[in-house]
Amino acid sequence: MELNNVKDSFGVADDLPATVDVLIAGAGPTGLALGIDLARRGVRALTVERQDRLSPGARGTGLQPRTQEVYEDLGVLDAIRAVGGLYPPLGLWENGRITEVREMIERVDPTPAAPHSNALMVPQFRNLEVLHARLTELGGSVLLGTELTAFTQDTDGVTVGLQRAGGTPHTVRAGYLVAADGGRSTVRRALGVGMSGPALEPGVALLADVRIDGLDRDHWHRWILPNGAFTALLPLAGTDLFQTLIAAPDGTSDTSPETIRTLLATRTHLEAGQIREVVWSSLFRPRAGMADSYRTGRVFLAGDAAHVHSPAGGQGLNTSVQDAYNLGWKLGQVLRYGAPDSLLDSYGAERRPIAARILDTSTRLHRSGSMHRGRDLHQLDIGYPDSPLTRELRTDLAEGTPVAGDRAPDAPCRTADGRPTRLFDAFRGPQFTLLALGDVELDETQLPAGPALLRVVRVGGPAPDLLDADGHVCDAYGSGPAVLLVRPDGYLALGAPAEGATAQVSAALADVVGTAALQPAG
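Everything numeric in this text was worked out from a predicted model, so none of it was measured.

Caption draft 1: How the structure looks around helix α2 (residues 65-74). With 10 of 10 residues buried, α2 lies mostly within the body of the structure. Here α2 has its buried residues at P65, R66, T67, Q68, E69, V70, Y71, E72, D73 and L74.

Structure, rendered in structure tokens:
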């Protein structure tokens, strides 16, 4: 795929829809991931992007293990792996040679419960291309070169003004508006929602994607000046480019290729002639903050529009994609199944504390200057124990057993006829998944019908769908009979004992499903 070749070629300037269920402002990773999730739920969504192409530049390159789980569910992980790779070790240069090699990013072995165990390096422009292709495959649409100019909302929806480059103004009526339009969000400012957060030390860095001759691609190269300023060159997986970071570039705001060549020649052992081409460049000033509210009526903030981070630790993009993953299923439940509006309030209730935690982590790493990146950044331990959607009714659980609010771990197992499979295969899709572990009193005829809403999976017991042949399910979830309701975003909504399980599952579903959809299959 040619670098950044997704441009405005949709040919629908005079055929914009008059109404949609959801209008998404911004076609970055957040907006595209949300568009994919809504498309697979049959929700009519339109994504608009002010630029005339998907954003260029490698920018944020790290995909943490939890985001890889999200991408697997959204159907893009194989394509992402094909254009990505693991981070190489850090090579520290001094006097024209590498004097020290260290693993900056800790390598972790996969486990049955966590099959994706290491950060994956994917240039952001490749990430966007893969997400865009998946959205198109699902019938979703993106309008590039289309700017959101105004919006008003009432009790029934949002009226959005759009302006296409060289075209006439257009108005779209949407049930909901999601602002995924970046850290300087036009929508957030129009709402008057403030941002608060820690003050980062003032500074500036030059980012660039460059082609360089005579530099190996086996190391993440780093040069440190006596004053502590540094320059780094990361070989970008799946390309012939290096991502360049020049910290504290002597106060310059010039991002021209000539300036980048001069700075690299001054700060490294490279000669200007070895900098063959500067493909993209930008000036970066670190900021940190979080929106005071994620929801105002029918308008939601997601991704950088809701929180901005220091890039230290590679948390921002990952947190943003998971915003979309959290909001997408809730919008789907309200729009497709008549779930109560209060379900949408849980988006901010769940995601703002996560953003606050990630903000603390990235700010700490930014200030420390530490180059080590460990498994605490993988985001596999994120959960929603205090969410209004969380119900844990079991007692006397063994230490380490996942409880309601926790991420639902994976586990290799077998189908009833002996074929190998995984719990993640059972979870995949837009539905809730009910795990019935062991001999459970469960009357499926009293639960909602339809595999798009609820999938019942029995593990063990008298009539199993899956067999725990090697004990991995037991290791992951405990040995006692129980029912576990897994949300569409892979977190446990309910943990309940085997006795009276049907009534407990129905009560938990009442929080997230409309009255009509709650009608039992029987």
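Caption draft 2: Seen up close, the packing of aromatic side chains. For the structure on display, the rule yields eight aromatic pairs. Seen from their ring centres, W329 and F432 are 5.5 Å apart, and the 90° between their planes marks the pair as edge-to-face. Of this pair, W329 sits in helix α7 (residues 316-337) while F432 sits in strand β24 (residues 432-437), and the two are 103 residues apart along the sequence. What links up through ring pairs into an aromatic cluster is the set Y176, Y294, F300 and Y347. The side chain of R336 reaches across the aromatic face of Y337, ending 5.6 Å from its centre.

Caption draft 3: Quick peek at empty space enclosed by the protein. Scanning all chains against the criterion turns up four cavities of 30 Å³ or more. In this structure, the largest cavity spans a volume of roughly 150 Å³. Around the largest cavity sit 14 residues that line it, and E69, D73, Y325, F424 and F427 are the ones nearest its centre. For the lining of the largest cavity, the secondary-structure elements that each account for two or more residues are α2 and α9 (423-427). Within the lining of the largest cavity, the residues separate by chemical class into six nonpolar, one polar and seven charged. There is about 50 Å³ of room inside the second largest cavity. Forming the boundary of the second largest cavity are W329, L389, F432, L485, R487, A493, A508, D511 and V512. Grouping the amino acids of the lining of the second largest cavity by side-chain chemistry returns seven nonpolar, no polar and two charged.

Caption draft 4: Layout of unusual backbone geometry. The backbone of R59 sits at a positive phi, close to 45°, despite the residue not being glycine. Along the chain, the position of R59 falls in the loop between β2 (45-49) and β3 (62-63). Residue Q379 is not a glycine yet carries a positive backbone phi of 65°. Tracing the backbone through its elements, the reader meets Q379 in the loop between α8 (342-368) and β21 (391-392). What makes Q379 buried here is its relative accessible area of 2%.

The rules behind each value
- All residue numbers here refer to positions counted from 1 along the written sequence of the relevant chain.
- At least 70 in pLDDT is required for a residue's local features to be given in this predicted model, at least 80 for side-chain atom pairs to be given and counted, and no such filter applies to totals for whole chains, interfaces and linings, which use all residues.
- No hydrogens and no water enter the side-chain calculation; it runs on all heavy atoms of the structure.
- Using a 1.4 Å probe on the protein chains alone, a residue whose accessible area is under 20% of its type maximum counts as buried, one over 50% counts as exposed, and one in between counts as partly exposed.
- Secondary structure elements are taken from DSSP: a helix is a run of H or I of four residues or more, a strand is a run of E of two residues or more, and numbering for both begins at the N terminus.
- Side-chain rings of Phe, Tyr and Trp (the six-membered ring for Trp) are treated as a pair once their centres are within 6.5 Å; stacked means planes under 30 degrees apart, edge-to-face means over 60, and tilted covers the remaining angles.
- Consider the ring centre and the ring normal. A charge sits over the ring if Lys NZ or Arg CZ is within 6 Å of that centre and within 35 degrees of that normal.
- Put simply, the grid is 1 Å and covers the protein atoms alone, a cavity is a trapped set of points that fit a 1.4 Å probe, a pocket is an open set with protein on both sides within 12 Å along at least five of seven lines, and lining residues have an atom within 4 Å of a point.
- Grid points are joined across faces, edges and corners, and a volume is the space filled by probe spheres set on the points.
- Basically, the charged four are Asp, Glu, Lys and Arg, the nonpolar ten are Ala, Val, Leu, Ile, Met, Phe, Trp, Tyr, Cys and Pro, and anything else, Gly included, counts as polar.

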